[in-house]
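Close look at the chain arrangement
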Amino acid sequence: MSVLDAVVDYDDAIARYDPVMGLEVHVELNTATKMFCGCATGFGAEPNSQVCPVCLGLPGALPVVNAAAVESAIRIGLALNCSIAPWCRFARKNYFYPDMTKNFQTSQYDEPIAFDGYLDVEIPNAAGDGTEIFRVEIERAHMEEDSGKSLHVGGSTGRIQGAEYSLVDYNRAGVPLIEIVTRPVRGAGERAPEVAKAYVAALRDLLKALDVSDVRMEQGSVRCDANVSLMPRGEQELGTRTETKNVNSLRSIERAIRYEISRHAAVLDSGAAIHQETRHWHEDTGVTTSGRPKSDADDYRYFPEPDLVPVAPSSDYVEQLRTTLPEPPDQRRKRLQKDWGYTDLEMRDVLNAGATELIEQTVADGASPAAARKWWTGELARRANADGRTIDDLGVTPAHIAELSGLVASGRLNDAMARQVLDGVVAGEGTPTEVADARGLALAQDDGALEAAVDKVIAANEPIAAKVREGKLNAAGALIGGVMKEMRGQADAARARELILARLT
Amino acid sequence: MSPASVPSSNDIVRRGAADLGAAIADGSLSSVEVTQAHLDRIADVDDSVHAFLHVDAEGALAAARAADEARAAGETRSPLAGVPIAVKDIVATKGQPTTAGSRILQGWIPPYDATVTTRLRAAGLPILGKTNMDEFAMGSSTEHSAYGPTHNPWDLDRIPGGSGGGSSAAVAAFEAPLAIGTDTGGSIRQPAAVTGTVGTKPTYGGVSRYGLIALASSLDQAGPCTRSVLDAALLHEIIGGHDVMDSTSIDAPVPGVVEAARRGDVAGLRIGVVDEISGEGFQPGVRARFEESLKLLEARGAEIVRVGCPSFVKGLAAYYLILPSEASSNLAKFDAMRYGLRVGPQGVASPSAEQVMAATRDAGFGDEVKRRIILGTYALSAGYYDAYYGQAQKVRTLIARDFAAAFEQADVLVTPTAPTTAFKLGEKLDDPMAMYLNDVATIPANLAGVPGMSIPNGLAEDGLPTGFQILAPATRDDRLYEVGAALEAALLEQWGAPILDQAPALPVREVTR
């Protein structure tokens, strides 16, 4: 185990330094076949079962560009407000590694398919009472092929160092990738980690809306490399950067960048220099460790791929693809907020929870916008946070929530019971109705017992009842609590409130 | 003695492919007979010629039987159905070893067929075996084969040209009526010239490269090696045409090469002699035969014009930057990780993947291959790219412009194919520059992607064959056959017999069959 790096307190680091970030996001496209051959791309297949002479790089085999991947690349470029190259080539990036079947990656170098764009991301504003737009400039989006996947067996770390032997699965070799590279992101200050997270989240939502990728970060279909450097406050010259590789969740992106800022500051404070290198992010310990040295002099001996003809999309084709773009995310957010009647603060909570799509689907499945928001940004966000998971990874679907909120609205369940039902859904016991039936959860359907409880509680709490009679309706809450206690939770609180108010006003 | 009514093996192997195809089609010969005759010939002479790295008698005879059965069932697969063929060992053949003449691929058996192989099989041509070549097609003499050189049937002490010396020698030694070659800078045409055979490098993109082990992707092209222009055209038609597996394949039908080869009409055709490659500095006998051939074509109604292609002189230098650059990348895949040779580094108990890669590449590649990988790696390196690879690509553009301008003034261009006749084995092995100069006349066609052909046009003062090269605009491969057939006919008229009849008899192995 290596010695832990020194870090300084994040706020101290930000007080002295301006962070600059560069984000490189690799997106695996969801095309049916690979970038340069007809092999299937499905995740999780038997190792080396989705391979052919082309993606295995057998002698003599030749690549042919997947037109569907080019189409996705152009649509991504357009959605990121990029210019689309009227003519561009692939290039060979030459380096030796066992998971590269040809020992060169077919990529794009100085002629990317898309360039000079931006993505506006919404982040909480500095005052904390709303949101603001931060513009992340896109340098380029280019097409390339994925490599195979190495599995290092033996040793404790799963890394190549110390492994007894390594296996390679070439199913992933040749899967189409789009690499999206930002320009240096400056001026985010202390919110740099948040901006990075918001950028990747916005990118993920955009890719999902475009239907070009599965956007499953945990399966590696979206992978983020985060470059970080610090400049002493007030200076303009960029510091030396490190590149933290394969940060594979939104939460990790924020944490990893925060960590690197603290670590860089400690190094710079000590008077030492940052080494340009790749860093590995460790999800479990929340630190990065040194990878291999990297320099701008890494020589990949790029040259135009002679086995492929240039990609030359006509402007008619590009314009036709432009008509297939989904609504831009910011417009969409504004429209949804209006449709749903959320306040700015409520909408911010929804964005922070990454729940926009889930709520949209829940509402489409029949829930009220208010109920959908309450569930996703409240109970489910809390559960996800507690488990270190994302809300879309709890095993709870929008259909479940729509059903659950229907059960509450119809008076069959109260909120406390609904939460118990949710426990069952999360535990895989079935749909909300099935769980409620199996667990025998239901409110009493006649008001007899409830009315008796109301009368008993009013009689026992005359001073509070008097306040309600005087018009202080908020005081009814205490009475409702008493009634619910009396009913052992098996009652509809809203109905109890109605009955209490009917008697006292 | 065989009865006169039954053709002897010797007769069969001396017949051309078009003739054999017709005989098989009309039932006067079976494919099995023809294939067996060639297998016998290989058994007789290949110990001394060494044109083959691998002979697949069983597979060839099975394909021959299938061809005979198909004919009996009334199927007409192609005019060459049933005619056996030899295939250069750089072309992937499923189930048959494919080494590209390199130790690093020793024992590799491809799990797939090259498109050329697929088309040969579909057309009913039994594959006799795989022919020798310079390792990864790097060379002009076949001496760089990891499996020993091929010998020129005209003089076993001499080189058969390269890189495809095995294919041309097999055809010249009557071991095969047809062969497939590949041509990156002259590897079909130069061996054809020095063995007295015909060879065509089609327009770049005219024949699929899928399954050809790449040397230089932007230059490589497969084509026919034969003893006559018509045979070459028939084979060209079978292997040519669009292939979805090769992005650089031309999406158009094969030009009318067979019709042109049958016509051979040069009346009114403008034939351009390239000032820069008109034979100056070439062997006197090579120049003399070239001048005589021009007169023969003129006598048949062609107009001889002189054209200037000033950038051609820079072709060799550009070629020896572009080729090694692409080759250094194409040959990176040979790393012992997935197939082929694997050598562990000496004295290392638990070697890393990188150490195994390095040890294998050191043991598996020959000196010429290493030389070119090093050259190419250097030329593509940061800081040198513009000066080397970048400049070479500019020269390439200039050469293409020279061709375009020349083809304004002439319908075809002609040159001697190679500066000399076959040299002695070992003579230039230690002088790479002298070796590289063999390709000075053939390289411009590869750099510009235009088609070229070499046909035998006589014997030089040393009694060895010379070649006449014809170059045509891209996609006008038919003009090669038009001019080639005209010159071939004129020469046949002059000599009364094919030039190969003058080649000495080969020593035949004494065996009882």
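Residues numbered from 1 in each chain as written. Chains lettered and ligands numbered in written order. Predicted model: local features only at pLDDT ≥ 70, side-chain atom pairs only at ≥ 80, totals over all residues. Heavy atoms only, no water.

Digging into the overall build of chain B
Cut-off, in case you're wondering: Numbered from the N terminus, helices here are DSSP runs of H or I no shorter than four residues, and strands are runs of E no shorter than two. The quantity called the radius of gyration is restricted to C-alpha atoms. Its globule counterpart is 2.2 Å times the number of residues to the power 0.38. Classification of residues uses two cut-offs on accessible area relative to the type maximum, computed with a 1.4 Å probe and protein chains only: under 20% is buried, over 50% is exposed, and between them is partly exposed. All accessible-area figures derive from a Shrake-Rupley calculation using a 1.4 Å probe, and residue coverage is judged against the displayed protein chains alone. Under the convention used here, Asp and Glu are negative, Lys and Arg are positive, and both His and the chain ends fall outside the count. Here the site of a charge means atom NZ of a Lys, CZ of an Arg, CG of an Asp or CD of a Glu.
If you tally the helices and strands in chain B, you get 17 helices and 11 strands. In terms of overall dimensions, chain B is globule-like: its C-alpha atoms have a radius of gyration of 22 Å, near the 24 Å expected for 513 residues. Expressed as lengths along the three principal axes of its C-alpha atoms, the size of chain B is roughly 70 × 55 × 45 Å. Within chain B, the proportion of its 513 residues that are buried is 62%. Of the roughly 17,500 Å² that chain B leaves accessible, carbon and sulfur atoms contribute 53%. Separation of charge centres in chain B, based on 42 positive and 60 negative side chains, amounts to 3 Å.

Notes on the overall build of chain A
Stated formally: We call two residues in contact whenever any of their non-hydrogen atoms come within 4.5 Å of each other.
Check the secondary structure of chain A and you find 16 helices and 14 strands. When each of the 505 residues of chain A is scored for burial, the buried share is 49%. Put simply, of all contacts in chain A between residues at least 6 apart along the chain, 69% involve residues at least 24 apart. Across chain A, 55 positive and 76 negative side-chain charges occur, with their mean positions spaced 3 Å apart.

A look at the domain arrangement of chain A
Put simply, the rule reads: These domain boundaries are the output of an automatic or database domain assignment.
For chain A, the assigned domains read domain 1 (10–318), domain 2 (329–439) and domain 3 (448–504). Centre-to-centre, using C-alpha coordinates, domain 2 of chain A lies 29 Å away from domain 3 of chain A.

Quick notes on the sheet that holds strand β11 (residues 465–471) of chain B
Residue and element names in this part refer to chain B. Quick reminder of the rule: Strands qualify as paired when DSSP identifies two bridges or more between them. Here the axes come from fitting lines to C-alpha atoms, over the contacting stretch only for helices, and the angles between their N-to-C directions go from 0 to 180 degrees.
With respect to topology, 11 strands assemble into an open sheet ordered β1-β3-β2-β4-β6-β5-β10-β11-β9-β7-β8, the strand pairing being mixed. Bordering the open sheet on either side are β1 (52–55) and β8 (303–307), each of which pairs with just one other strand. When the angles between neighbouring strand axes are averaged without regard to direction, this sheet yields 25°. In terms of strand pairing, strand β9 (residues 412–416) meets β11 through four bridges, oriented antiparallel. Residue pairing for β11: Pro416 is matched across the bridge by Phe468.

Focus on unusual backbone geometry
For residues besides glycine, phi is generally negative; the peptide bonds are generally trans as well. Looking along the chain, the bond that leaves Gly162(B) and enters Ser163(B) is cis, with omega of 5°. Looking at where Ser163(B) falls in the secondary structure, it is placed in the loop between β3 (127–131) and α6 (165–172). With a phi angle near 45°, Val215(A) is a residue other than glycine that sits in the positive phi range. Here Val215(A) shows up in the loop between α3 (192–210) and β10 (222–232).

As for a nonpolar patch on the surface
Selection rule: Only residues whose relative accessible area exceeds 30% and that form no salt bridge are eligible for patches; like-charged ones are grouped when within 9 Å, while nonpolar side chains (Val, Leu, Ile, Met, Phe, Trp, Tyr) are grouped when within 5 Å. By definition here, a salt bridge exists when the distance from a side-chain nitrogen of Lys or Arg to a carboxyl oxygen of Asp or Glu is within 4 Å.
A contiguous nonpolar surface patch, about 300 Å² in accessible area, is contributed by Leu151(A), Tyr165(A) and Leu167(A). Structurally, Leu151(A) is set in strand β7 (residues 149–153).

Description of the confidence of the model for chain B
Threshold: Per-residue confidence from the predictor is given as pLDDT, running between 0 and 100.
When pLDDT is averaged across chain B, the result is 95; 97% of the residues are at 70 or more. Below pLDDT 50 for its whole length, residues 1–7 of chain B participates in two contacts with residues either more than four positions away or in separate chains.

Side note on the environment of Tyr118(A)
Along the polypeptide, Tyr118(A) turns up in strand β5 (residues 114–124). As for Tyr118(A) and Arg140(A), which are separated by 22 residues in sequence, their C-alpha atoms are 9.6 Å apart.

Re the interface of chain B and chain A
Counted only if it meets this: As a working definition, buried area equals the accessible area (1.4 Å probe) given up by two parts on being put together, with both sides summed. Under the convention adopted here, Pro, Cys and the residues Ala, Val, Leu, Ile, Met, Phe, Trp and Tyr are nonpolar, Asp, Glu, Lys and Arg are charged, and Gly plus all remaining residues are polar.
Across the boundary between the two partners, chain B contributes 37 residues, which contact 32 residues of chain A. Counting each side, the surface lost to burial between chain B and chain A is near 2,600 Å², with a carbon and sulfur contribution of 60%. The largest share of the area that chain B buries against chain A comes from Ser247(B), Lys333(B) and Arg338(B), three residues that together contribute 22% of it. Across the contact surface, chain B and chain A share one salt bridge. A salt bridge links Asp307(A) to Arg209(B), with the nearest nitrogen and oxygen atoms 3.0 Å apart. The set of elements that each furnish at least two residues to the side of chain B that touches chain A consists of α11 (315–330) and α12 (353–364) of chain B. No other element matches α11(B), which puts four residues into the side of chain B that touches chain A. Of the residues belonging to the side of chain B that touches chain A, the class tally is 20 nonpolar, 10 polar and seven charged.

Regarding the sheet that holds β10(A)
Residue and element names in this part refer to chain A. Pairing is mixed in the open sheet, where nine strands are placed in the order β2-β5-β6-β9-β1-β10-β11-β12-β13. Either end of the sheet is taken by a strand with one partner, and the two such strands are β2 (83–84) and β13 (287–293). As paired elements, strand β6 (residues 131–145) and strand β9 (residues 176–182) share seven bridges and run antiparallel to each other. The partner of Glu144 across the bridge, within β9, is Leu177.

What to know about the pattern of salt bridges
Counted under the stated rule, the structure contains 60 salt bridges over all chains. Salt-bridge contacts for Arg92(A) lead to Glu305(A); the nearest nitrogen and oxygen are separated by 3.0 Å. Remark: Glu305(A) occurs in the loop between β14 (303–304) and α5 (315–322) and Arg92(A) occurs in strand β3 (residues 91–94); sequence separation between them is 213 residues. Per residue, the accessibility class of Arg92(A) equals that of Glu305(A), and both read buried. Of the charged contacts in the structure, one is a salt bridge between Lys130(B) and Asp89(B), with a shortest N-O distance of 3.3 Å. Residue Lys130(B) is found in strand β3, and its partner Asp89(B) is found in the loop between β2 (85–88) and α5 (115–122); the two are separated by 41 residues along the sequence. Residue classification places Lys130(B) among the buried positions, given a relative accessible area of 0%. You can call Asp89(B) buried: its relative accessible area is 2%. A single network of salt bridges, built from pairs that share partners, joins Asp5(A), Glu260(A), Arg263(A), Glu277(A) and Arg279(A).

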